[in-house]
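# Summary of structural features
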Amino acid sequence: MKDHLLLRDYEPTSMLTVKETKITKPRFPVFDAHLHMGALQMGGRESVDVKSAVDGLKRSGIFGAINLKMFWGDALKEHLSYFKGYEDFFHTFASVDVSRFEEPDFPAYAAKTLREMKAMGVHGLKFWKNIGCGIKDSSGKRILPDDDRLRPIWEAAAKYNMLILFHIADPKSFFTPVDRHNEFYESLVEYPDWVFYGDGHHSFETLLQAQDNLIGANPDTTFIIPHVGSNAEDLGWVGAQLDRHPNMYIDTAARNNLLGRQPYTAREFFIKYQDRILFGTDAGFGGTEFEPNFYNQHFRFFETYDEYFRAIPEWGWGQGRWYIYGLGLPDEVLGKFYSGNVLGLLKRVGAL
């Protein structure tokens, strides 16, 4: 017997004997409202095999998806060219060059860009945590999502009826010291770029307040706040935000791990806010997520009462060193969550 063991080498095997439901297809057709085909940002590796992805997604029970791209200009045009013939399957969200936000012509640029994107068939815009956690203004201060200089984007989105998906904050632990008390210690040591503690970063609470300010100040703009509204650790707070902002929706992308350790609270939350939650996965970066095993684990979580299983086995301890419990959502909730809500936002009718 070893007298010591490194945490990274500790892989305990559960001795529990509990029910394991094998899911081979979802109970209802599914639309993935949070997916990435190829690179997320401009300059990344743009490898797109659309037919292969569609075949894999259909095998998994997915009949459509929102493809999130922080692209604009010629890069966006090139990307859209890959999807000719698949426009009914992939609904692209693009972005604008927010680095120009201090330029005098930024309002005109934002309005022109959104108008052109709408004509190109773009359904919405994707913004990321670089607003709040990265981009600085000319004074050296990190801008926040509610910065008034970004308002032309939200106004143009309302004018052209384009949705805004805005990833504002990561899990709360990413904004706390990386020490023995941090529940994502292993992930943050492996991926130090995920740490937003110190070094002049805004606090988690500051970002959430900016999110609240942003949505409240733009009631004519529809916002999808992914990753369970930026705060899957506190569903009471997210629920209060949904009550406060009728123009706010959320998705579940990459947060089954946080929802599944609070199954009673999460189930009640889904039932209460069944018209405001979208199914999303954050799939696409590796490509293998388009295969059934990845999606079946999601369906198992939302459809069954199975106990004590890994959120996404292939993602290792990056999902936290704990197991989850199924929510067993009612059929009327599943139908809306799996596709009904997002189809309403996209103004589409029914599954293809």
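The structure presented is a predicted model; accordingly, all values stated were derived computationally and were not measured. (Residues numbered from 1 in each chain as written. Predicted model: local features only at pLDDT ≥ 70, side-chain atom pairs only at ≥ 80, totals over all residues. Heavy atoms only, no water.)

## Let's talk about the overall build of the protein chain
Inclusion rule: Counting from the N terminus, the helices are DSSP H or I runs at least four residues long and the strands are E runs at least two residues long. Each radius of gyration reported is based on C-alpha atoms, and the globular scaling rule is 2.2 Å times the count of residues to the power 0.38. The rule is simple: take the accessible area with a 1.4 Å probe, protein chains only, and divide by the maximum for that residue type; under 20% is buried, over 50% is exposed, in between is partly exposed. We call two residues in contact whenever any of their non-hydrogen atoms come within 4.5 Å of each other. Method for areas: the Shrake-Rupley scheme with a 1.4 Å probe, in which residue coverage is limited to the protein chains shown.
Secondary structure summary: the protein chain contains 13 helices and eight strands in total. Relative to the globule expectation of 20 Å for 352 residues, the C-alpha radius of gyration of the protein chain, 20 Å, shows essentially globular dimensions. Per-residue burial for the protein chain yields a buried fraction of 54% across its 352 residues. Counting contacts in the protein chain only where the partners sit at least 6 residues apart, residues at least 24 apart contribute 75% of the total. Accessible surface, the protein chain: about 16,300 Å² in total, of which carbon and sulfur atoms supply 51%.

## Overview of the pattern of salt bridges
To keep it simple, the criterion reads: Each reported salt bridge corresponds to a side-chain nitrogen of Lys or Arg within 4 Å of a carboxyl oxygen of Asp or Glu.
This structure, assessed with the given rule, holds 17 salt bridges. Note that R27 is salt-bridged to E303, the shortest N-O span being 3.9 Å. Within this pair, whereas R27 is found in the segment before strand 1 (30-35), its partner E303 is found in helix 12 (residues 292-303), the two being separated by 276 residues in sequence. R27 sits in the partly exposed class, given a relative accessible area of 39%.

## Thoughts on helix 5 (residues 151-159)
Along helix 5, the residues classified as buried are P152, I153, W154, A156 and A157. Tucked inside the fold, the buried residues of helix 5 contact helix 3 (106-120), strand 4 (124-127), strand 5 (163-166), helix 7 (204-217) and strand 6 (223-225). Among the residues trailing helix 5, N161 stands out with phi positive, at a value near 55°.

## Some points on the packing of aromatic side chains
Inclusion rule: Note on aromatic contacts: the rings of Phe and Tyr and the six-membered ring of Trp form a pair at centre separations within 6.5 Å, being stacked when their planes are under 30 degrees apart, edge-to-face when over 60 apart, and tilted otherwise. Definition used: whenever NZ (Lys) or CZ (Arg) falls within 6 Å of the ring centre and also within 35 degrees of the ring normal, the charge is taken to sit over that ring.
On inspection of all chains with the given rule, the structure shows 31 aromatic pairs. Between F269 and F270, the ring centres sit 6.4 Å apart and the planes meet at 75°, which makes this aromatic pair edge-to-face. We note that F269, like F270, is buried. One aromatic cluster is present, formed by F269, F270, Y273, F279, F294, Y295, F299, F301, F302, F337 and Y338 through successive ring pairs. Above the plane of the ring of Y109 lies R100, whose end atom (NZ or CZ) is 4.0 Å from the centre. Against the face of Y249 rests R276, its NZ or CZ located 5.6 Å from the ring centre.

## Concerning the side chain of H245
Within the element layout of this structure, H245 appears in the loop between helix 9 (235-244) and strand 7 (248-251). The buried category is assigned to H245, whose relative accessible area is 3%. Among all residues touching H245, those that are not within four sequence positions of it are D212, I215, G216 and R276.

## Considerations on the nonpolar core
In plain terms, the rule: We call a set of buried residues a nonpolar core when its members are Ala, Val, Leu, Ile, Met, Phe, Trp, Tyr or Cys and they connect through side-chain atoms within 4.5 Å of each other.
The biggest cluster of nonpolar side chains holds 89 residues, and the ones touching the most others in it are F90, F127, I153, F270 and F302. With six residues, helix 7 is the largest single contributor of residues to this core. Once residues lying within four places of it in the same chain are set aside, the contact partners of F127 are S95, V96, V98, I153, W154, I164, L165, F166 and H167. Formed by 15 residues, the second largest nonpolar core is a distinct cluster that contains I224, Y249, L278 and L346.

## Remarks on helix 1 (residues 50-59)
We count it as follows: Think of the arc as the fan of directions from the helix axis to the C-beta atoms.
Of all the residues in helix 1, the buried ones are V50, A53, V54, G56 and L57. Down the axis of helix 1, the buried side of the element spans an arc of 165°, and every buried residue falls inside it. Those residues of helix 1 that are exposed and aimed more than 90 degrees away from the buried face are K51 and K58. Summarising the contacts, the buried residues of helix 1 are in contact with strand 1, strand 2 (62-68), strand 3 (90-94) and helix 12. Just downstream of helix 1 lies G61, where phi reads positive at about 95°.

## Section: the sheet that holds strand 3
Basically, it comes down to this: Strands qualify as paired when DSSP identifies two bridges or more between them. Here the axes come from fitting lines to C-alpha atoms, over the contacting stretch only for helices, and the angles between their N-to-C directions go from 0 to 180 degrees.
Strand order in the open sheet formed by eight strands is 1-2-3-4-5-6-7-8, and the pairing between neighbours is parallel. The sheet terminates laterally at strand 1 and strand 8 (277-278), the two strands that pair on one side only. In this structure, strand 6 lies alongside strand 7, joined through three bridges in parallel fashion. Bridge pairing in strand 7 links F223 to M248. Its contacts with the sheet place helix 1 against strand 1, strand 2 and strand 3, and it is angled at close to 120° to strand 3.

## Observations regarding the pairing of strand 5
Burial of strand 5 is two-sided: the residues L163 and L165 facing one way and the residues I164 and F166 facing the other way are all buried. As judged from the four bridges shared by strand 4 and strand 5, these two strands associate in the parallel manner. Bridge pairing in strand 5 places G124 opposite L163. In the sheet, strand 5 pairs with strand 6 via two bridges, with the strands oriented parallel. Counterpart to I164 in the pairing with strand 6 is F223.

## Topic: the packing of helix 3 against helix 5
Each pair of packed helices can be summarised by the angle the axes make with each other and by the distance between the axes. Here is the rule: The labels follow the angle: roughly parallel below 35 degrees, roughly antiparallel above 145, roughly perpendicular from 65 to 115, and oblique for the rest. Left-handed describes a crossing whose near helix is turned anticlockwise from the far helix by less than a right angle; the clockwise case is right-handed. Residue polarity is assigned by list, with Asp, Glu, Lys and Arg as charged and Ala, Val, Leu, Ile, Met, Phe, Trp, Tyr, Cys and Pro as nonpolar; anything else, Gly included, falls into the polar class.
Following both chains from N to C, one finds helix 3 and helix 5 inclined at 30°, their axes separated by 9 Å at the closest point. Looking at the two axes, helix 3 sits roughly parallel to helix 5. At the point where helix 3 passes helix 5, the crossing takes the right-handed sense. For the pair helix 3 and helix 5, contact is made by F106, P107, A110, A111 and L114 and by P152, I153, A156 and A157, respectively. Taken together, the residues of the contact of helix 3 with helix 5 sort by class into nine nonpolar, no polar and no charged.

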